[in-house]
Each structure stands twice: as C-alpha cells, then as structure tokens.
Amino acid sequence: MTAPAGVILAGGLATRMGGGDKALLPLGGRPLLAHVMERLGPQVTGMVLNANGDPARFASFGLPVRADSIAGFPGPLAGVLAGLDWAAEQGAETLVSVAADTPFFPADLAARLLSAADGQADPLVLAATEGDAETKSRSRSGLIRHPTFGLWPVALRDDLRAALAEGLKKVVLWTDRHGGREAVFPAVPFDPFFNVNTPEDLAQAEDLL
C-alpha cells in the first residue's frame, strides 16, 4: 500500500481553553502545531490543515488549509472529509488524520495503521490503547479508541459526506459500519494520545516535553 497523505485536525472550538486556536498555543517555545507537523511530516506524502475561520493566521506554517465543508461544526469527521477531498486532489488513496492538540502521538502511527489495514478492501483503522479496568467495562474489546487518529480510504469520502449530511457525528458509528479495525498502541510510560484540552493539560505537556 502506498504512503498516505495526512490531515491535521484543528477545526474544533477549544471551549475548555477559553476559545481560540489550541494549535497556536506555545509548547517548549514553539506552537503546538509545529510539534504535530514535525511528527506527522515524515510519515506522509503531504499534509493539509483542517481549520475554520481565516486561514491567514496559519500562513507561517506553509500548509494548505481546508475548512469543514459541512456547516455547524459537526465534529472531527467533517475535518476528515475535508482532508479526504484534499487527498483526492493529490491522487492519494488513503489519509492519516491526527489532532492538532496532541504533540506526542507515535512516530510510527502511519506505519502501524497501514499494517493493521492489511487485507481490507477499504483501509479504515482507528488508533487505540488498552483501557484500565473501569474503561474496559465500558468499551468494545476493552480498548480506548482515538477517533481523531485514523487511516481513512479516499474511496469512501462520498459515503462519509452523505452520512454527515444525514446528521452523523460519532466517528465510530461510521467506522464500524464499514468494518473498521483498531491498531493498538502501548500507553506506557504515558498515553501517546494525550491531548491539550485545558491550561492544566498544557502545563503537563511542558513537563512531558
């Protein structure tokens, strides 16, 4: 399978950070987005940023910017769709998505997602980690799925568009419908999908960095 394109999802409202762009928050003297780009870049053939509002605020990063094509901030699947449409223009067959507020995701994310998709007609895989006892009692197969980190087939973008138009918001409802799989990543010494939602999280990320 050829290398995927990549999309960085930064289209959320960041309500727990008081609004604004989490991707532009400083971490170790650089914006969060710079850390995410550095991790994703070597894993993909090219990157696009999914963000709403004025794209000029991201001009210094040198990335193409695509807004949600579905109005009303319907969630991360709208960002995935924006990425899939861009990937189709690039001639890519698959897309890897990552969140702009998650600076420590695995450096082998794309490789392991692709490996887990082996044999699938439409490569569709979400990243997952093992849950603790409480989480295992509430989640499928005892796994915590991370729906903003996944491998998505460009061939299904129109199916996704139709699902979003019908009001679908929950990622796993759509991935399960199409036989989605999981690629399980170790959560030690800390959760690699730790994301920055609050000022306290940002302070913790500084410690982890």
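Each remark here, short or long, concerns the structure printed above.
So, here's what we can say about the structure. For clarity, every value in this text was computed on a predicted model and none was experimentally measured. (Residues numbered from 1 in each chain as written. Predicted model: local features only at pLDDT ≥ 70, side-chain atom pairs only at ≥ 80, totals over all residues. Heavy atoms only, no water.)

1. Description of the packing of aromatic side chains
Working step 1: Scanning all chains against the criterion turns up five aromatic pairs.
Working step 2: Look at Phe 104 and Phe 190: their rings are 5.7 Å apart centre to centre, the planes differ by 80 degrees, and that puts the pair in the edge-to-face class. Placement of the pair is Phe 104 in the loop between strand E6 (94-99) and helix H3 (109-116) and Phe 190 in the loop between strand E9 (181-185) and helix H7 (199-208), with a sequence separation of 86 residues.
Working step 3: Of the aromatic side chains, those joined through ring pairs into one cluster are Phe 105, Phe 149, Phe 185 and Phe 193. (Phe/Tyr/Trp six-rings, centres within 6.5 Å; stacked < 30°, edge-to-face > 60°. Helix = DSSP H or I, 4+ residues; strand = E, 2+ residues; numbered from the N terminus.)

2. Examining the nonpolar core
Working step 1: Membership of the largest hydrophobic core comes to 32 residues, with the highest contact counts inside it found for Ile 8, Val 96, Val 98 and Leu 109.
Working step 2: Secondary structure elements with two or more residues in this core: helix H1 (32-40), strand E4 (47-50), E6, H3, strand E7 (125-130), strand E8 (143-153) and E9.
Working step 3: With five residues, the top contributor of residues to this core is H1.
Working step 4: Setting aside residues up to four positions removed in sequence, Val 96 forms contacts with Pro 4, Ala 5, Gly 6, Val 7, Leu 40, Val 44, Leu 109, Ala 110, Leu 113, Gly 150 and Leu 151.
Working step 5: In this structure, Leu 9, Ala 87, Leu 156 and Val 172 belong to the second largest nonpolar core, which totals 25 residues. (Core = buried A, V, L, I, M, F, W, Y, C linked by side-chain atoms within 4.5 Å. Buried < 20%, exposed > 50% of the residue type's maximum accessible area, 1.4 Å probe, protein only. Contact = heavy atoms within 4.5 Å.)

3. Notes on the side chain of Asn 197
Working step 1: Examined against the element boundaries, Asn 197 turns out to sit in the loop between E9 and H7.
Working step 2: A polar atom in the side chain of Asn 197 sits 3.3 Å from the side chain of Asn 195. (Polar contact = N/O pair within 3.5 Å; in protein donor to acceptor, adjacent residues only side chain to side chain.)

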